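The residues making up each chain are set out below.
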Amino acid sequence: MVSPVTKIDQIETVILDIPTIRGHVLSMATMRVQAAVLVRVRFSDGSEGIGEGTTIGGLSYGPESPESIRSAIDTYIAPAVTGRDADDVNGAIQLMDKLVKGNRIARAAVEIALWDGLAKRLGVPVSQLFGGAVHDRLPVAWTLASGNSDTDIAEALEMIETRRHNIFKLKIGKRAVAEDVAHVARIKRAVGDAASVRVDVNTAWSLQDARWGLKGLQDAGCELVEQPVPARQRRAMAELAQGYEIAVMADESLNGPEDALEVASARAADVFAVKVAQSGGLKRASEVIAIGQSSGLGLYAGTMLETGLGTAAALHLFATVETLRWGTELFGPLLLTADILAEPIVYRDFCVEIPQGPGIGATLDPDKIDFYRRDGGRTVKAVAGE
Ligand SMILES: O=C(O)C[C@H]1C=CC(=O)O1
Ligand SMILES: [Mn+2]
């Protein structure tokens, strides 16, 4: 007897509001709570897949908000993909691309849940659907963004001492360029050769600011600067990438494979910060990676500060990549006061371990989901801090 085709039966979305462990000060927003959109796909054979779509700082980072991610899924994506063959993930990706322009984070959240469901039904890790993991752990950076240099130094020294992180990304761009450079130089002096120091400007500088900034940063021993100027200013990014020794990394400029091709052809970056959410899912992120690799650029696994769920999904993809020259920043769960996974992702010896499958290897803790869901009638209070 031919076994019936498994169908996508139902797609549910929930916004979770989880406080951060301290204020996370970025050039465009200070985060005290992270809002993650959780997606649960139920299939006709009783199996389930889970995914996450998360952004940073409401609408201050990019064009999608937690509310728009949820609404795009509920209103447009779920009705289009429900009833389709559950195993035809590429078909669902192509349909989402056709019916939903932009909204990459929303598409990524559903796509992750579809890969998770398929891999679980096959009894394999998601990494195997991308050719198999070649790493079981990856180096992981931490972001110093308390808004205070002394607090950042204390945090960095503790991370080195406990062997949790020896790569630090400093969030700058809120203060005057000279103050920011002095802040970075102080931190680099404090950690010395024990750690790599990089910065993320989150598009806050003009080209002129950036010229001064990059000169000061490289003299201070900072190794890399992420997205110094606005996302669409490719010529400025190219001038900076070619004019200084310090590595210039594209983040906000990189929304999917088409951007990747343009950034690489314009030599508008030395490194790609590849984000699954921003790329539009695991498959499109794998295409961004392929373009970066074949253009001879450095690769870095970026984050939208996802919970353990989105982080696990990203780890399955990045575990399949031969060389991540700049490592990863897949530390999202560590910035949150609660872990929504029954078995948290393991961080040790300056690395993050790839969760074992099946699927993305993540099981939700139902009590945490009930507690942090926005529609649960509870008011989430941010922790006190800057
Ligand atoms: O890269 C970004 O812009 C977002 C993010 C990643 C790490 C972090 O602290 O914030
Ligand atoms: Mn960034």
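This text follows the structure it describes.
Definitions and limits used
- Residues numbered from 1 in each chain as written.
- Chains lettered and ligands numbered in written order.
- Predicted model: local features only at pLDDT ≥ 70, side-chain atom pairs only at ≥ 80, totals over all residues.
- Heavy atoms only, no water.
- Pairing = 2+ DSSP bridges.
- Helix = DSSP H or I, 4+ residues; strand = E, 2+ residues; numbered from the N terminus.
- Axes fitted to C-alpha atoms, helices over the stretch in contact; angles between N-to-C directions.
- Salt bridge = Lys/Arg side-chain N within 4 Å of Asp/Glu carboxyl O.
- Buried < 20%, exposed > 50% of the residue type's maximum accessible area, 1.4 Å probe, protein only.
- Bend = angle between axes of the 7 residues up to and from the residue.

Student: So what exactly am I meant to see when it comes to the sheet that holds strand 7 (residues 196-200) here?
Tutor: Each strand in a sheet pairs with another by means of backbone hydrogen bonds, the pair being arranged parallel or else antiparallel. Strand order in the open sheet formed by seven strands is 5-6-7-8-9-10-11, with parallel pairing between adjacent strands. Among the strands making up the open sheet, the edge pair consists of strand 5 (142-144) and strand 11 (298-301). Sheet twist, expressed as the mean angle between neighbouring strand axes with direction ignored, is 30 degrees. Sheet topology note: the strand 10 (residues 271-274)/strand 11 ladder contains four bridges and is parallel. Opposite valine 274, over in strand 11, you have alanine 301 as the bridge partner.

Student: Help me understand the pattern of salt bridges, please; the structure alone is not making it clear to me.
Tutor: Two side chains carrying opposite charge are able to pair once their charged atoms lie near each other. Per the counting criterion, the structure on display carries 28 salt bridges. Taking the shortest distance from any N to any O, the salt bridge between arginine 163 and aspartate 349 comes out at 2.9 Å. Of this pair, arginine 163 sits in the loop between helix 5 (149-161) and strand 6 (167-171) while aspartate 349 sits in the loop between strand 12 (347-348) and strand 13 (351-353), and the two are 186 residues apart along the sequence. With a relative accessible area of 36%, aspartate 349 lands in the partly exposed category. Arginine 348 is paired through a salt bridge with glutamate 353; the nearest N and O atoms lie 2.9 Å apart. Judged by relative accessible area, arginine 348 falls into the partly exposed class, the value being 46%.

Student: Any chance you could explain helix 1 (residues 66-81) here in plain terms?
Tutor: Quick reminder: α-helices carry 3.6 residues per turn. Residues three or four places apart thus point the same way. The largest bend in helix 1 is about 40 degrees, located at isoleucine 73. Those residues of helix 1 that fall on the buried side of the exposure criterion are Pro66, Ile69, Ala72, Ile73, Ile77, Ala78 and Val81. Immediately downstream of helix 1, the backbone of glycine 83 shows phi near 95 degrees, a positive value.

Keep in mind these values describe shape, not function.
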